[in-house]
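# An overview of the molecular structure
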Amino acid sequence: MATEAVEKLKKIEPLSIAQASRISGVNPADISILLVYIEQGKIAKVK
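Now for a description of the structure that goes with this document. (Residues numbered from 1 in each chain as written. Predicted model: local features only at pLDDT ≥ 70, side-chain atom pairs only at ≥ 80, totals over all residues. Heavy atoms only, no water.)

## Structural notes on the overall build of the protein
- In terms of helices and strands, the protein carries three helices and zero strands.
- Starting at the N terminus, the α and β elements of the protein follow one another as α-α-α.
- Burial analysis of the protein (47 residues in total) assigns 19% to the buried set.
- Split by element, the accessible area of the protein, about 3,700 Å² in all, is 57% carbon and sulfur.
- In the protein, the 7 positive side-chain charges and the 5 negative ones have mean positions that sit 6 Å from each other. (Helix = DSSP H or I, 4+ residues; strand = E, 2+ residues; numbered from the N terminus. Buried < 20%, exposed > 50% of the residue type's maximum accessible area, 1.4 Å probe, protein only. Areas by Shrake-Rupley, 256 points an atom, 1.4 Å probe, with all protein chains shown as cover. Lys, Arg positive; Asp, Glu negative; His and termini not counted. Charge placed at Lys NZ, Arg CZ, Asp CG, Glu CD.)

## Remarks on unusual backbone geometry
- Look at E13: it is not a glycine, yet its phi comes out positive at around 50°.
- Its place among the elements puts E13 in the loop between α1 (3-12) and α2 (17-21).

## Overview of the pattern of salt bridges
- Per the stated rule, a full pass over the model turns up one salt bridge.
- The shortest N-O distance in the salt bridge between K8 and E4 comes to 3.8 Å. Separated by four residues within a single helix, K8 and E4 lie in helix α1, roughly one turn from each other.
- Overall, the relative accessible area of 42% leaves E4 in the partly exposed class. (Salt bridge = Lys/Arg side-chain N within 4 Å of Asp/Glu carboxyl O.)

## Quick look at helix α3 (residues 28-39)
- Relative to the 16 Å expected for twelve residues at 1.5 Å per residue, α3 spans 17 Å between its end C-alpha atoms, a close match to the ideal helical length.
- Those residues of α3 not exposed but buried are D30, I31, L34 and I38. The buried residues of α3 all sit within an arc of 100° when viewed along its axis, so they share a single face. Across from the buried face of α3, at angles greater than 90 degrees, the exposed residues are P28 and E39.
- For α3, the elements touching its buried residues are α1 and α2. (Expected span 1.5 Å × (residues − 1). Arc of directions from axis to C-beta. Contact = heavy atoms within 4.5 Å.)

As structure tokens, this is what we get:
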């Protein structure tokens with residue numbers, strides 16, 4: 001993931017993947033990587 005994307009996601013803390021995908025500086029590849037991490041359990045899913 002790009003450093004800029006990580007910084008923006010940490011700062012904004014979106015509640016959904018849809019919100020994260022609309023953040024300027026977060027590209028589709030970053031969202032794909034995020035989804036893989038969630039599926040692998042490396043990032044906790046929020047219910």
